Amino acid sequence: AQENAAAKQGSLFPALDLSSKALRQKITGAQFGAPNFPGTTYTLSSASVQIAYTLDVFGAIRRQIEGFEAQAEYQRFQLEGAFLTLASNVVTTAIQEASLRARINATEEILKAQTRQLDLVKQQFELGAASKVDVLAQQSTLEQTRTTLPPLQQQLAETRHRLTVLAGELPSTGLGAQFKLSDLHLPEELPLSLPSKLVQQRPDVRAQEALLHAASAQIGVATARMFPDFTINANIGSIATRLGDMFVPGSAIWSFGGNMLQPIFHGGELMHKQRAAVAAYEQAAAQYRSTVLQAFQNVADTLSALEYDAAALKTQDAAEQTALD
């Protein structure tokens, strides 16, 4: 997108081209109304330099460049958003892996405790202090707990595969890093910022703003096409029937002139294209407003989640302390 914008900027400068041509041709007098003329065959060689310059009087080219630059800005924010999305996915997957690993470890500890409990119940059964029903009940509890372990191990494997792919590797490639909850630490303080500031930093909002800018530029382009278009052309070169006679005195040719093109009647095409550009701008403005509102909603939801998560964590800490006491 940046290269397209830079390429369009070249339209602000004159275009300089070099052309050469060699032609073997036969003519007959019939072409000129003289059928009795026997005709002749000759070779014509020419070389010329052509210069063309479009005067951007009404800003059509400048608005096109503005549109291309807005598209490049949009792609830049899309790229920034892709990096943020990738980073957040990596962090989320790493936390999920740590959580699954902790659940697996907790399940294994529970299995060990239930296995010891089953041994105790069996000893009590042998001594007559417990019934067969107690042994079977404890055995059933142990087996039910054991069935929860394979799904957790499967989720852990899938999470590791996802993390490997996010790192740009094949799922079969083993990752050296393993994440545990004890190794992860939340920030003790969050940076303070206004919701409007958070929204301004979001790449999706900035990207939609760039699209709105591009749509605005298209209105200028469509409007400028309804006005005259001025072009200056110049051509200088040499033409000769023999290659060795080129660029000798008398072989020079040149031309210089200007063109003006004013649309008069196109069946309403230009007017409707200008209205379409305005409608596209209104659509982009509505999408921009929707994106901003969605961003404010996301920020509000996140701030509420932080507040209620803190309250839930405080309650859970109190419950844990009570259970320990």
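Residues numbered from 1 in each chain as written. Predicted model: local features only at pLDDT ≥ 70, side-chain atom pairs only at ≥ 80, totals over all residues. Heavy atoms only, no water.

1. Regarding the layout of surface pockets
Let me state the cut-off plainly: A 1.4 Å probe that fits but cannot get out identifies a cavity on a 1 Å grid over protein atoms alone, an open set with protein on both sides within 12 Å along at least five of seven lines counts as a pocket, and a residue lines either if it has an atom within 4 Å of a point. Grid points are joined across faces, edges and corners, and a volume is the space filled by probe spheres set on the points. For the purposes of this entry, the term helix denotes a DSSP run of H or I that reaches at least four residues, the term strand denotes a run of E that reaches at least two, and both are numbered from the N terminus. Put simply, Ala, Val, Leu, Ile, Met, Phe, Trp, Tyr, Cys and Pro go in the nonpolar bin, Asp, Glu, Lys and Arg in the charged bin, and everything else, Gly too, in the polar bin.
In this model, the largest pocket occupies a volume close to 450 Å³. Lining the largest pocket, in full, are L190, P191, L192, S193, L198, Q201, R202, N298, V299, T302, L303 and L306. Among the elements of the structure, α5 (195-201) and α7 (269-324) are those that each provide at least two residues to the lining of the largest pocket. In terms of residues, the lining of the largest pocket owes the most to one element, α7, which gives five residues. Tallied by class, the residues present in the lining of the largest pocket amount to seven nonpolar, four polar and one charged. Of the volumes computed, that of the second largest pocket is approximately 370 Å³.

2. Description of the sheet that holds strand β1 (residues 15-27)
Selection criterion: Note: two strands are recorded as paired if DSSP finds a minimum of 2 bridges between them. Comment: axis = line fitted to C-alpha atoms, over the contacting stretch for helices; angle = value between 0 and 180 degrees taken between N-to-C directions.
Pairing is antiparallel in the open sheet, where four strands are placed in the order β1-β2-β3-β4. The open sheet terminates on both sides in strands that have one partner only, identified here as β1 and β4 (252-261). The sheet shows a mean angle of 20 degrees between the axes of neighbouring strands, taken without regard to direction. Bridge count between strand β2 (residues 40-55) and strand β3 (residues 229-240): 11 bridges; the pairing is antiparallel. Pairing of I51 across the sheet is with A234, part of β3.

3. A closer look at the side chain of S45
As a reminder, the rule being used: Any two residues whose heavy atoms approach within 4.5 Å at even a single point are treated as in contact.
Examined against the element boundaries, S45 turns out to sit in strand β2. For S45, the contacting residues outside a window of four places in its chain are K21, A22, S238, I239, A240, L243 and M246.

4. Examining a nonpolar patch on the surface
Our working rule: Patches in this entry comprise residues that are over 30% relatively accessible and not in a salt bridge; like charges within 9 Å are linked, as are nonpolar side chains (Val, Leu, Ile, Met, Phe, Trp, Tyr) within 5 Å. Here the accessible surface of atoms and residues is derived via Shrake-Rupley with a 1.4 Å probe, and residues count as covered only by protein chains that are part of the display. What makes a salt bridge here is a side-chain nitrogen of Lys or Arg within 4 Å of a carboxyl oxygen of Asp or Glu, nothing more. The buried label goes to any residue with under 20% of its type's maximum accessible area, the exposed label to any with over 50%, and the partly exposed label to all in between, with areas taken from a 1.4 Å probe on protein chains only.
On the surface, L16, L18, V49, I51, I232, I236, W254 and F256 cluster together into a nonpolar patch covering about 900 Å² of accessible area. Of all elements in the fold, only β1, β2, β3 and β4 reach the threshold of two or more residues within the nonpolar patch. Structurally, I236 is set in strand β3. The class of I236 is exposed, set by a relative accessible area of 54%.

5. Notes on the packing of helix α1 (residues 2-9) against helix α2 (residues 60-126)
The line we're drawing: Here the angle decides the label: under 35 degrees means roughly parallel, over 145 means roughly antiparallel, 65 to 115 means roughly perpendicular, and every other value means oblique. Helix crossings fall into two classes, left-handed where the near helix is turned counterclockwise from the far one by less than a right angle and right-handed where it is turned clockwise.
Orientation of α1 relative to α2, taken along the N-to-C sense of each, is 165 degrees, at an axis distance of 8 Å. On the basis of the axis angle, α1 is roughly antiparallel to α2. The way α1 lies across α2 gives a crossing that is left-handed. Along the contact surface, α1 presents Q2, N4, A5, K8 and Q9, while α2 presents Q64, I65, F68, E69 and A72. Considered class by class, the residues forming the contact of α1 with α2 number four nonpolar, four polar and two charged.

Shape is all these values report; function is a separate question.
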